[in-house]
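# Structural overview for review
This is what each chain is made of:
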Amino acid sequence: MREYIVNQIRDSYETKMRLMENAEILEVIKKVAEVTIEAYRSGKKTLIAGNGGSAADAQHMAGEFVSRFYFDRPGLPALALTTDTSILTAIGNDYGYERVFARQIQANGNEGDIFFGISTSGNSPNVVAAIEECKKKGIVTVGLVGAKACKMDELCDYIIKIPSTETPRIQESHLLIEHMICALVEEAIFGRGF
């Protein structure tokens, strides 16, 4: 059991080291932070979606924007499209589960907003459909995915590919990146200094 625990920690560490050493990924994270900052400065919002653990990430990230991250400051507009059971079940019943996020994008998204689609596989049909809806509305799309080639690679304006094919490692790294983006946005807009 102890060996398993040590191996899991090592695997997580090694994934993050590969992430840290990949200049291309680091540049995409920086660019995503910049476009998110610009969107907020222009009065826009973020919309965030994913399934399962990625749904929890969507809610977590929205909470960091709306409430606070490192320090007290005004809230930033963000919506996790995973939280309203009446909306989710109505859309799922009337249009199918693949449309649960796209329909919300259609209703609440505006040109210049930012959509974060979180999917370890990069092939989640409802996240892919949301990205396609974003394209129609001029919403900037950011995909957080794993290392394998996926549908979201070609659809997203910005794609952040975690250098792993293991779901837990991908999810752990997604959360790290989401936290970095929240911190960079908060600092740029409300500036306390790192």
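The text that follows walks through the structure, step by step, so that each part is easy to find. Nothing here was measured: the structure is a model prediction, and the numbers come from that model. (Residues numbered from 1 in each chain as written. Predicted model: local features only at pLDDT ≥ 70, side-chain atom pairs only at ≥ 80, totals over all residues. Heavy atoms only, no water.)

### Side note on the nonpolar core
With 30 residues, the main nonpolar core has Phe65, Phe116, Ile160, Ile177 and Ile181 as its most contacted residues. Listed by contribution, the elements that provide at least two residues to this core are helix 2 (23–41), helix 3 (53–66), strand 2 (78–80), strand 3 (114–118), strand 4 (140–145) and helix 8 (167–190). If you tally residues by element for this core, the top one is helix 2, at seven residues. The residues touching Ile160, leaving out its near neighbours within four places in the chain, are Ile25, Val28, Ile29, Val32, Val142, Gly143, Leu144, Val145 and Ile177. Core analysis: the next-biggest nonpolar cluster, separate from the first, contains 18 residues, Ala49, Leu81, Val100 and Cys156 among them. (Core = buried A, V, L, I, M, F, W, Y, C linked by side-chain atoms within 4.5 Å. Buried < 20%, exposed > 50% of the residue type's maximum accessible area, 1.4 Å probe, protein only. Helix = DSSP H or I, 4+ residues; strand = E, 2+ residues; numbered from the N terminus. Contact = heavy atoms within 4.5 Å.)

### Points about a nonpolar patch on the surface
Together, Met1, Tyr4, Ile5 and Ile9 line one region of the surface with nonpolar side chains, adding up to about 530 Å² of accessible area. In this fold, Ile9 is placed in helix 1 (residues 2–20). (Patch = residues over 30% accessible without salt bridge, like charges linked within 9 Å, V, L, I, M, F, W, Y side chains within 5 Å. Areas by Shrake-Rupley, 256 points an atom, 1.4 Å probe, with all protein chains shown as cover. Salt bridge = Lys/Arg side-chain N within 4 Å of Asp/Glu carboxyl O.)

### Remarks on the sheet that holds strand 1 (residues 46–50)
One open sheet holds the five strands; their spatial order is 2-1-3-4-5, and the pairing between them is parallel. The open sheet has two edge strands with one neighbour each: strand 2 and strand 5 (158–161). Averaged over neighbouring strand pairs, the angle between their axes works out to 15 degrees when direction is ignored. Here helix 2 sits on the sheet in contact with strand 1, strand 2, strand 3, strand 4 and strand 5, set at roughly 135 degrees to strand 5. Where helix 8 meets the sheet, its contacts fall on strand 3, strand 4 and strand 5, and the angle it forms with strand 4 comes to roughly 140 degrees. (Pairing = 2+ DSSP bridges. Axes fitted to C-alpha atoms, helices over the stretch in contact; angles between N-to-C directions.)

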